[in-house]
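What the coordinates show
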Amino acid sequence: MDEPEEFEQIPWSELTARPPDGRRRTLYLVAGGLGALVLTVLVARAFLTPSPTVPTAPAVTVSQEATTSSTDAGSPPTSAAAAVATAPALLYREADLMAFPATPGERAAVARAEWFVTDYFTADLEPTGSSDLRAALPAGADLPDMPQDSAGGLSYVEWARAFRIEEVAPGRFRVGVAFRALGAPPDRGFYRLSVRAVEVTVQVTPDGGSTVMDLPAPVAFPAGPEPPPWPQESGEAPSWVAQQALATVAGWGTEPRLLAAQADGDGWRVVLTLADEVGNRWPVTVRVDGETG
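Note that this is a predicted model, so its numbers are computed, not measured. (Residues numbered from 1 in each chain as written. Predicted model: local features only at pLDDT ≥ 70, side-chain atom pairs only at ≥ 80, totals over all residues. Heavy atoms only, no water.)

1. Section: the sheet that holds strand 7 (residues 254-264)
- Taking strand neighbours across the sheet as the criterion, the three strands line up as 7-8-9 in an open arrangement whose pairing is antiparallel. Each having just a single partner strand, strand 7 and strand 9 (281-289) make up the two edges of the open sheet. Going across the sheet, the axis of each strand differs from the next one's by a mean of 25°, ignoring polarity.
- Pairing geometry for strand 8 (residues 267-275) and strand 9, over nine bridges, is antiparallel. When the sheet's bridge partners are listed, Arg-269 is paired in strand 9 with Arg-287.
- Sitting on the sheet, helix 8 (residues 239-248) touches strand 7, strand 8 and strand 9, and the angle it makes with strand 9 is about 125°. (Pairing = 2+ DSSP bridges. Helix = DSSP H or I, 4+ residues; strand = E, 2+ residues; numbered from the N terminus. Axes fitted to C-alpha atoms, helices over the stretch in contact; angles between N-to-C directions. Contact = heavy atoms within 4.5 Å.)

Spelled out as structure tokens, the structure:
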């Protein structure tokens, strides 16, 4: 006998059915809660973050008693514009106050004076000779024969520095320049010449152009201050003083040697010698603060 056939049906409608309304409502509530939490955090950060404060000038008010007293005395009342205190002056940094020179005209005059002194006292084998000097002076200036135009001794300006400046007329400056040159006579090599000083008069235009007005004028150096004498007596410095002095000069030279240690006020003046790359030993002074007793 044949067995009866049995058929099974898959409930496709139940597989594609949506979740119950309760579960869907729960998902919506969770999403809404997360959104509200994020919005709360953003608003709190916006209100709690301190905003940069802009400094404002303090308000200045006119005293009513002062106005009344001046009116009673018969004098005209003080205007508010006159009574208001002026704004504080611009505050400069220490580097700005120490800078030399201060104005654009002075800077241009100093640069031109140092440049002119370097070219003026340099006599080398430049083919153009003294043409640069003649171009720096007023047109048509009668410049005498210069060492740059002859085959005599050689001279190179090693350095030139302005040490004072004075405005003698609007846009005209007198600049004191110190310089040192290396000289080589025809029969020997170079050696350092003495440090000299000259004054150079420079005219400066508003846009920074400059012209040297005359030849350099030799001047004497201003007298320097009288410094106090060095300590004469040497003492036995504590070991920590020597160690700190050696640490201070570390990397500056090699083979440091302690020569003397002298008590000086509230510290020690330590004298050492250091060797350079070519074997020369240079005496230097190191200041070490601390007890001397």
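Let's pick the thread back up.
2. A short note on the layout of surface pockets
- Approximately 150 Å³ is the volume found for the largest pocket.
- Forming the walls of the largest pocket are Asp-119, Thr-122, Asp-124, Glu-126, Thr-128, Gly-129, Ser-130, Asp-132, Leu-133 and Gln-148.
- Of the residues in the lining of the largest pocket, the class split is one nonpolar, five polar and four charged. (1 Å grid on protein atoms, 1.4 Å probe; cavity = no way out; pocket = protein on both sides within 12 Å on 5 of 7 lines; lining within 4 Å. Points joined across faces, edges and corners; volume = space filled by probe spheres on them. Nonpolar A, V, L, I, M, F, W, Y, C, P; charged D, E, K, R; others polar.)

3. Regarding a nonpolar patch on the surface
- Judged by side-chain polarity, Phe-163, Val-195 and Phe-221 come together as a nonpolar surface patch covering roughly 230 Å² of accessible area.
- Position of Phe-221 relative to the elements: it lies in the loop between strand 6 (217-218) and helix 8. (Patch = residues over 30% accessible without salt bridge, like charges linked within 9 Å, V, L, I, M, F, W, Y side chains within 5 Å. Areas by Shrake-Rupley, 256 points an atom, 1.4 Å probe, with all protein chains shown as cover. Salt bridge = Lys/Arg side-chain N within 4 Å of Asp/Glu carboxyl O.)

4. Side note on the nonpolar core
- Of all hydrophobic cores here, the largest spans 26 residues; its most connected members are Ala-109, Phe-116, Val-117, Val-175 and Val-200.
- Counting residues per element, the ones that place at least two in this core are helix 6 (104-120), helix 7 (131-136), strand 1 (154-169), strand 2 (172-184) and strand 4 (196-204).
- Sorting elements by how many residues they give to this core places helix 6 first, with seven residues.
- In terms of nonpolar packing, the next biggest core, distinct from the first, is built from eleven residues, Val-241, Ala-261, Leu-272 and Leu-274 among them. (Core = buried A, V, L, I, M, F, W, Y, C linked by side-chain atoms within 4.5 Å. Buried < 20%, exposed > 50% of the residue type's maximum accessible area, 1.4 Å probe, protein only.)

5. With respect to helix 6
- With 17 residues, helix 6 should reach 24 Å at 1.5 Å per residue; the first-to-last C-alpha distance of 24 Å fits that figure.
- Turning to helix 6, its buried residues are Gly-105, Ala-108, Ala-109, Val-110, Arg-112, Ala-113, Phe-116, Val-117 and Tyr-120. (Expected span 1.5 Å × (residues − 1).)

6. Some words on the environment of Gly-208
- If you trace the backbone, Gly-208 turns up in the loop between strand 4 and strand 5 (210-212).
- Counting along the chain gives 100 residues from Gly-208 to Ala-108, while the straight-line C-alpha distance between them is 6.0 Å.

7. Description of the side chain of Thr-122
- Within the element layout of this structure, Thr-122 appears in the loop between helix 6 and helix 7.
- Overall, the relative accessible area of 15% leaves Thr-122 in the buried class.
- Within polar-contact distance, the side chain of Thr-122 engages the backbone oxygen of Thr-118 at 2.6 Å.
- Once you skip the residues sitting within four places of it in the chain, Thr-122 turns out to touch Gln-148, Ser-155, Tyr-156 and Val-157. (Polar contact = N/O pair within 3.5 Å; in protein donor to acceptor, adjacent residues only side chain to side chain.)

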